[in-house]
Amino acid sequence: MVTDRGPRKPALVSDFLKSDQNCSLSLPSDDRITLAARSVESSLATAAIPPVRDACAALASVFAGFYQVETPSVRVLAVRPIRTWEGGWAMELFGDYDPKTRVIRVWTKTAVRKQVTSFGTFLSTLCHEFCHHLDYQRFGYRDTWHTRGFYERSAVLYHNARGTPAKRLFWVEMSDGRWRIDWQRTKRGF
Ligand SMILES: [Zn+2]
């Protein structure tokens, strides 16, 4: 995971810095998110879209209820599209979020082998996209970036949903000013 470059527009710089420094996210003291995530897990095992869509909508509504924001719509689609860039390299799209329509899209199957996405990947994508929604709706940022804080907030939400202890993320600064996760230190935890 690599962070985004800072914005060019001076008016956006302070929101970018706020997002970068905002590393925590409040969580419910009960297991409402974990329970809703478990329904997503069992729905994914059916490999059918309608139950996954219902379970994702229920999870989105639990998220929105706790963070007191509008509930985003979740569109569940089958096979992940592949985005191709100049130079020929391609990447699967796991999910996205449109701030204008407040719609999250997630895909349940891998692009090439068309296998059902693992629950961990699927849930982490949902949490990631919901954090984009929170950037606008809860924190009031004028844009949403993949900052260190953004990845920390997504990880906090994901671990709560998964029922696993949150890990501290360790970062390494790159020569262009962006940051990448130091996976070895993050896994070791120190
Ligand atoms: Zn994103």
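Here, the structure is the one placed above.
Residues numbered from 1 in each chain as written. Predicted model: local features only at pLDDT ≥ 70, side-chain atom pairs only at ≥ 80, totals over all residues.

1. What about the overall build of the protein chain?
From N to C terminus, the protein chain includes 6 helices and 7 strands. Written out in order from the N terminus, the α and β elements of the protein chain read α-α-α-β-β-β-β-β-α-α-β-β-α. In summary, the protein chain has a C-alpha radius of gyration of 17 Å against a globular reference of 16 Å for 190 residues, a match within 12%. Projected onto the principal axes, the alpha-carbon positions of the protein chain cover approximately 45 × 45 × 40 Å. Relative to its full complement of 190 residues, the protein chain shows a buried share of 29%. Long-range pairs, those at least 24 residues apart, make up 59% of the contacts in the protein chain between residues at least 6 apart in sequence. (Helix = DSSP H or I, 4+ residues; strand = E, 2+ residues; numbered from the N terminus. Rg over C-alpha atoms; globule rule 2.2 N^0.38 Å. Buried ≥ 20, exposed ≤ 12 C-beta atoms within 10 Å, placed from the backbone. Contact = placed C-beta atoms within 7 Å.)

2. Remarks on helix α2 (residues 32-45)
Taking 1.5 Å per residue as the helical rise, α2 with its 14 residues ought to reach 20 Å, and the 21 Å between its terminal C-alpha atoms agrees with that figure. Those residues of α2 that sit buried are Ile 33, Ala 37, Val 40, Ser 43 and Leu 44. Taken end-on, α2 shows its buried residues confined to a sector of 115°, consistent with a single buried face. In α2, those exposed residues whose orientation departs by more than 90 degrees from the buried face are Ser 42 and Ala 45. Packed against the buried residues of α2 are α3 (49-67), β5 (103-109), α4 (119-137) and α5 (148-162). (Expected span 1.5 Å × (residues − 1). Arc of directions from axis to C-beta.)

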